[in-house]
Amino acid sequence: MYSNVTNDTVIKGTAVVPGVRYAKAVWISPRPELPQAGEVIDEQAREAELERFTLAADTVASRLLNRSEKATGDAAAVLKATAGMVNDRGWRKTVKKGINGGHPAEYAVVAATTKFVSMFEAAGGIMAERTTDLRDIRDRVIAQLRGEAEPGLPTVSDRVVLFADDLSPADTAALDTTYFVGLVTELGGPTSHTAIIARQLNVPCIVAVGEDVRQIADGEPVLIDGSLGTVTVGADPETAVAAEQESKIQAERIAQWRGPAQTKDGHRVQLLANVQDGNAARLAAQNSQAEGVGLFRTELCFLTATQEPSVEEQAEVYKKVLEQFPDSKVVVRSLDAGSDKPVAFATMADEINPALGVRGLRVARANESLMTRQLDAIAKAANDLGRDENSPTWVMAPMVATAREAKWFADLCKERGLIAGAMIEVPAAALMADKIMPHLDFVSIGTNDLTQYTMAADRMSPQLAYLTDPWQPAVLRLIEHTCKEGQRLGTAVGVCGEAAADPLLACVLTGLGVNSLSAASTAIASVGAQLAAVDLDTCKKAAAAALNAEGATQARSLVREILISV
Ligand code: PEP
Ligand code: MG
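Residues numbered from 1 in each chain as written. Chains lettered and ligands numbered in written order. Predicted model: local features only at pLDDT ≥ 70, side-chain atom pairs only at ≥ 80, totals over all residues. Heavy atoms only, no water.

The name that an unreviewed UniProt entry assigns to the protein chain is Phosphoenolpyruvate-protein phosphotransferase, with the source organism given as Corynebacterium felinum. Reading the Subcellular location (unreviewed entry) entry of the UniProt record for the protein chain gives the comment "Cytoplasm". On record in UniProt, under Cofactor (unreviewed entry), the comment for the protein chain is "Mg(2+)". (UniProt positions renumbered as here; feature names shortened; annotations may be inferred.)

**What about the coordination of the magnesium ion (ligand 2)?**
For the magnesium ion (ligand 2), the protein coordination sphere consists of Glu-425 (OE) and Asp-449 (OD), at 2.1 Å. Placement of Glu-425 in the loop between β13 (419-424) and α15 (427-431) and of Asp-449 in helix α17 (residues 447-455) is noted, with a sequence separation of 24 residues between them. (Donors = N, O, S within 2.8 Å, 3.2 Å for Na, K, Ca; no water. Helix = DSSP H or I, 4+ residues; strand = E, 2+ residues; numbered from the N terminus.)

**A short note on helix α13 (residues 368-384)**
When the terminal C-alpha atoms of α13 are compared, their 24 Å separation across 17 residues agrees well with the 24 Å that a helix rising 1.5 Å per residue should span. Those residues of α13 not exposed but buried are Leu-370, Met-371, Thr-372, Gln-374, Leu-375, Ala-377, Ile-378, Ala-379, Ala-381 and Ala-382. Close packing links the buried residues of α13 with α11 (311-322), β11 (330-333), α12 (361-365), β12 (393-397) and α14 (403-415). Directly after α13, the chain includes Gly-386, whose backbone phi takes a positive value near 65 degrees. (Expected span 1.5 Å × (residues − 1). Buried < 20%, exposed > 50% of the residue type's maximum accessible area, 1.4 Å probe, protein only. Contact = heavy atoms within 4.5 Å.)

**Focus: the confidence of the model for the protein chain**
Residue-level pLDDT values for the protein chain average 91, and 97% of them are 70 or greater. Counting contacts from residues 1-6, a segment whose pLDDT is below 50, to residues more than four positions away or on other chains yields 13 contacts. (pLDDT = per-residue confidence, 0-100.)

**What to know about the packing of helix α1 (residues 46-70) against helix α6 (residues 131-146)**
If you want to describe how two helices pack, look at the angle between their axes and the distance between the axes. One way to put it is that α1 packs onto α6 with a least axis distance of 9 Å and a crossing angle of 120 degrees. Judged by the angle between their axes, α1 and α6 are oblique. Crossing angle aside, the handedness with which α1 passes α6 is right-handed. Together, Arg-52, Phe-53, Ala-56, Ala-57, Thr-59, Val-60, Arg-63 and Arg-67 of α1 and Arg-140, Val-141, Gln-144 and Leu-145 of α6 make up the contact between the two elements. For the contact of α1 with α6, the class distribution of residues is six nonpolar, two polar and four charged. (Axes fitted to C-alpha atoms, helices over the stretch in contact; angles between N-to-C directions. Parallel < 35°, antiparallel > 145°, perpendicular 65-115°, else oblique. Left-handed = near helix turned anticlockwise from the far one by under 90°. Nonpolar A, V, L, I, M, F, W, Y, C, P; charged D, E, K, R; others polar.)

**Some points on the sheet that holds strand β3 (residues 20-27)**
With mixed pairing, the eight strands of this open sheet are ordered in space as β1-β8-β7-β3-β4-β5-β6-β2. Strands at the two margins of the open sheet, each flanked by one partner only, are β1 (9-12) and β2 (14-17). Adjacent strand axes in the sheet meet at a mean angle of 30 degrees when their direction is disregarded. Pairing analysis gives three bridges linking β2 to strand β6 (residues 205-207), with the strands arranged antiparallel. Counterpart to Ala-15 in the pairing with β6 is Ile-206. (Pairing = 2+ DSSP bridges.)

**Let's talk about the pattern of salt bridges**
For the structure shown, the criterion picks out 33 salt bridges. Between Arg-359 and Asp-336 there is a salt bridge whose closest N-O contact spans 3.0 Å. Pair noted here: Arg-359 is in the loop between β11 and α12 and Asp-336 is in the loop between β11 and α12, with a separation of 23 residues, a long-range link. What makes Arg-359 buried here is its relative accessible area of 0%. For Asp-336, a relative accessible area of 0% gives the class buried. Linked through salt bridges whose partners overlap, the residues forming this network are Glu-299, Arg-333, Asp-336, Lys-341, Arg-359, Asp-449 and Arg-459. (Salt bridge = Lys/Arg side-chain N within 4 Å of Asp/Glu carboxyl O.)

**Examining the packing of helix α19 (residues 503-512) against helix α21 (residues 536-548)**
As a packed pair, α19 and α21 sit with axes 7 Å apart at the nearest point and diverge in direction by 100 degrees. When the axes of α19 and α21 are compared, the pair comes out roughly perpendicular. Within the contact between the two elements, α19 uses Cys-507, Val-508, Thr-510, Gly-511 and Leu-512 and α21 uses Leu-536, Cys-539, Lys-540, Ala-542, Ala-543, Ala-546 and Leu-547.

**Quick word on the packing of aromatic side chains**
Applying the stated criterion across every chain yields a total of six aromatic pairs. Between Trp-27 and Phe-163, the aromatic rings sit 5.6 Å apart at their centres with planes inclined by 40 degrees, giving tilted as the arrangement. Within this pair, whereas Trp-27 is found in strand β3, its partner Phe-163 is found in strand β4 (residues 160-164), the two being separated by 136 residues in sequence. Overall, Phe-163 belongs to the buried group, its relative accessible area being 0%. On the numbers, 6.3 Å between centres and 75 degrees between planes, the contact of Phe-302 with Tyr-318 is edge-to-face. In this pair, Phe-302 sits in the loop between β10 (293-297) and α11 while Tyr-318 sits in helix α11, placing the two residues 16 residues apart along the sequence. Per residue, the accessibility class of Phe-302 equals that of Tyr-318, and both read buried. Of the aromatic side chains, those joined through ring pairs into one cluster are Phe-296, Phe-302, Tyr-318 and Phe-345. Lys-329 extends its terminal NZ or CZ atom over the ring of Trp-394, reaching a point 4.0 Å from the ring centre. Across the ring face of Trp-408, the terminal group of Arg-365 is positioned such that the distance to the ring centre comes to 5.0 Å. (Phe/Tyr/Trp six-rings, centres within 6.5 Å; stacked < 30°, edge-to-face > 60°. Lys NZ or Arg CZ within 6 Å of the ring centre and 35° of its normal.)

**Things to note about the site of ligand 1**
Lining the immediate environment of ligand 1, one finds 15 residues, of which Arg-297, Arg-333, Lys-341, Asn-448 and Arg-459 sit closest. A distance of 2.7 Å separates an oxygen atom of ligand 1 from a polar side-chain atom of Arg-297. Measuring from an oxygen atom of ligand 1, one finds a backbone N or O atom of Asn-448 at 2.7 Å. In the complex, 99% of the free accessible area of ligand 1, which totals 280 Å², lies under the protein chains. When residues of the shell around ligand 1 are traced back to their parent elements, those giving at least two are β10 and α17. Looking at the shell around ligand 1 element by element, the count peaks at three residues for α17. (Near = heavy atom within 4 Å. Polar contact = N/O pair within 3.5 Å; in protein donor to acceptor, adjacent residues only side chain to side chain. Areas by Shrake-Rupley, 256 points an atom, 1.4 Å probe, with all protein chains shown as cover.)

As structure tokens, then:
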């Protein structure tokens, strides 16, 4: 099934709540079969059909409200919101229209929900993630109409990892975490309700694993790692149990860790947060010990914009992030539009191979004013907030491949008094660091794309997860080269890809000479706690072992041995 080099199979998803758990997989109870169009209700029976629907919908809504009264915090709010969706006048009106038009209640529910799902998907962003909630109320009402058992959580008497295509808010809110020790979903996103509640319950959680997850059978033992976003099938039981134990000890250490980050012997490493909007920046500032922002992905602010926002409008968006860190460094990345992040006003249409196409800085090379307007907006936001050298605003360009591109970008930044940097995420940029760095004040290594392009493996492909692994020694060798040039030329080198969120890999990066690590704010304490447990020499030893490993799996296990034994 997979061409992994080891006996175990690793499937990758999006890490939401950290923690390692080893338990049997259990799948959520099946959803009802959806009815097809075709049957027509006689005109005189439609009134009764309407009543049947209203009764079923009312029953589902009041059941959810009852549960909400018994729950607390986010869980209570989510259950109440779901009940609100069942009572939504627009949705009920659409169902009733369908019944009046002759559809049976079950089919009218399906048709109305499909219409609302399309509307939510077209709106994109957070609205699109709410489509799970809509499908959930559809299934509950259909089951109620048919007199079937409510779809949802299975009854279990032992520890299990719960698997689902997507979890409904109502399912997640009712979870007993003594039994359900981990969550894995095929779909969903980091801001879906599954993710929100998993965080509240502090249960290790991985979302968006993709359809390969369906090959995991009920009862199969699985090892999940909520900080790496991995689901391993066929793991050696002894190693897996030890990994879970280690994770629990680590969780204790993490809870007690206080920044700023340094190794045991006092070598400082700046830990920064990756954010995509003001809200994420606020969470990072309030709930993590981030010393600033190391990657503000500006393109994610404009995924639903049909037109380029004006300089003033953009400045307002950027201020929302900058103002959360009034006394610290914020690294703003210029638009990384294209490929997996299409932005309507800045993405080339219909490219055959968009990951290798006009994305990132390349978009702006063909449309310089797009870049200058964005830089003007960043400069305006920083000036309006009175930011100075104590709260520096750094700007970096994605997908830089040549020294000429770096110089072009740096000149535009300098004209506006902005500190200029580049992401090192194209192998050519790492190899040409000696020519690129002299134009810049700093570089930040994007390990996600650097891995994708080094290994020639699509970062979105679950089948290629064994290749798109930043532990690949080939990737680490490019990072080593970049760090050496950075040290020689006095250019700061950071890492802002997912690699920075992996505590063991963070030690390797520190050993290679990286000065700052930027990751999702939820990962910061685990990285800080791991760094605090080792000295710089050990990090260097770990780095040397990883560089000389024959592959990613060996690199990981050699480093684990070195770091965990200290
Ligand atoms: C990266 O490529 O590592 C990176 C940080 O950028 P993004 O994930 O947004 O492409
Ligand atoms: Mg990238």
